[in-house]
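For reference, the chains in residue letters:
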Amino acid sequence: MTYLEAVILGLAQGLSEFLPISSSGHLALLQYFFGIDETKVLSFAVLLHFGTLISVFIVYWKDIVDLVKELGAVIKDLFTGKGLRVNANPTRKLGFMIIVATIPTAVIGLLFNDLFNALYLSLIAIGIGLLITGTILRIADIMGKNNKTIKEMKFRNAFFVGLMQGVAIYPGISRSGSTLFGGLISGLNKEFAVKFAFLISIPSILGSVIVEAPDAFAEGMDVSVIGPVAAGVIVSALSGLFAIKAMIRLVSNKKLIGFSIYTWALGLFVIIYALMFA
């Protein structure tokens, strides 16, 4: 793998992980057209996910610190007999909502991971996923006025958003797009829906890294690719940081139509290419 390939893959991962265009779909397509054997870059893919995780921590550092502190408070309440006190404050409630949202994502990932991984080899499957992404983005963009924040949010809302995140394991379906769709369908206001989507990406991405890491690094890493890998991870983190901030602005201004058009066009192109040439 060359520096150019690593940087392009890192850029694609960082941008498409948080912009609603599907990182899985783009990485699969890039690997296909570059002729890269995915089994030989599995460790690189894991590290790219780690790079995007860094960008989430940078943007939402204060929220993450508050959540960790509140976890300590929950443990203290349990030992002093006060119970969970889920609604004690907004931060505590947010933490429990993140846990609830993570459950369906984890279940879907564990049960259907092998099935969805097999679909990464199908250009038609990826194209269909991209068409689905464009459709849910369009629905999300025209949703009516939503006003729920963490105070009004229910556990069923968090579960549904987590369910939508789990569906995004399908190649070509955007994780950020599907979770945003789930949040808006549940009545969350746009700003909080984006924030919640990115916060629940932390356990999702971290879980993916933990599950894939043993196989990815079982045979070690070729010393000759350490430079390109490092460059790709750095680019992934920086582009992810840009994508998160851009997504916050775009959703607030209801400007997702461009992403819908892009994923529809790319999805159609991929399907036509697969039928004619693959």
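All values derive from a computational prediction rather than experimental measurement.

To continue, consider the environment of Gly240. Note that Gly240 resides in helix H11 (residues 226-252). It is 25 Å that separates the C-alpha atoms of Gly240 and Ile150, two residues lying 90 residues apart in sequence. Setting aside residues up to four positions removed in sequence, Gly240 forms contacts with Gly14, Phe18 and Ser55.

Another point: helix H4 (residues 61-79). Between its first and last C-alpha, H4 extends 28 Å over 19 residues, near the 27 Å set by a 1.5 Å rise per residue. Count one or two residues on from H4 and you reach Gly81, which has phi positive near 80°.

This part is about the UniProt feature "transmembrane region" (unreviewed entry) in the protein chain. Cross-referencing UniProt, the feature "transmembrane region" (unreviewed entry) maps to residues 41-61, 94-112, 118-137, 193-211, 223-244 and 256-276 in the present numbering. Between the C-alpha atoms that bound residues 118-137 there is a distance of 25 Å. The span itself is 85% helix and 0% strand. The annotated region residues 193-211 carries 95% helix and 0% strand content, and the separation between its end C-alpha atoms amounts to 27 Å.

Turning our eyes to something else, we now look at the environment of Tyr3. Its place among the elements puts Tyr3 in helix H1 (residues 3-18). Residues Tyr3 and Val229 lie 226 residues apart in sequence; the distance between their C-alpha atoms is 7.9 Å. If sequence neighbours within four positions are ignored, Tyr3 has contacts with Gly227, Pro228 and Ala231.

A few words on the packing of aromatic side chains. Throughout the structure, instances matching the rule amount to 10 aromatic pairs. Pairing Phe33 with Tyr273 gives two aromatic rings, centres 5.3 Å apart and planes at 65°, and the pair type is edge-to-face. Taken as a pair, Phe33 in helix H2 (residues 23-34) and Tyr273 in helix H12 (residues 257-276) lie far apart in primary sequence, 240 residues in all. Classification of Phe33 by relative accessible area gives partly exposed; the value is 44%.

If you add up the space inside the largest pocket, you get close to 1,400 Å³. Residue lining of the largest pocket: 44 residues in total, with Asn113, Asn117, Tyr120, Ser208 and Glu212 positioned closest to the centre. Of the residues in the lining of the largest pocket, the class split is 19 nonpolar, 19 polar and six charged. Considering only enclosed or pocket space, the second largest pocket measures out at about 420 Å³ in volume. If one sorts the elements of the lining of the second largest pocket by residue count, helix H5 (residues 90-119) sits on top with seven residues. Residue classes in the lining of the second largest pocket are distributed as 12 nonpolar, three polar and two charged.

Conventions we followed
Residues numbered from 1 in each chain as written. Predicted model: local features only at pLDDT ≥ 70, side-chain atom pairs only at ≥ 80, totals over all residues. Heavy atoms only, no water. Helix = DSSP H or I, 4+ residues; strand = E, 2+ residues; numbered from the N terminus. Contact = heavy atoms within 4.5 Å. Expected span 1.5 Å × (residues − 1). UniProt positions renumbered as here; feature names shortened; annotations may be inferred. Phe/Tyr/Trp six-rings, centres within 6.5 Å; stacked < 30°, edge-to-face > 60°. Buried < 20%, exposed > 50% of the residue type's maximum accessible area, 1.4 Å probe, protein only. 1 Å grid on protein atoms, 1.4 Å probe; cavity = no way out; pocket = protein on both sides within 12 Å on 5 of 7 lines; lining within 4 Å. Points joined across faces, edges and corners; volume = space filled by probe spheres on them. Nonpolar A, V, L, I, M, F, W, Y, C, P; charged D, E, K, R; others polar.

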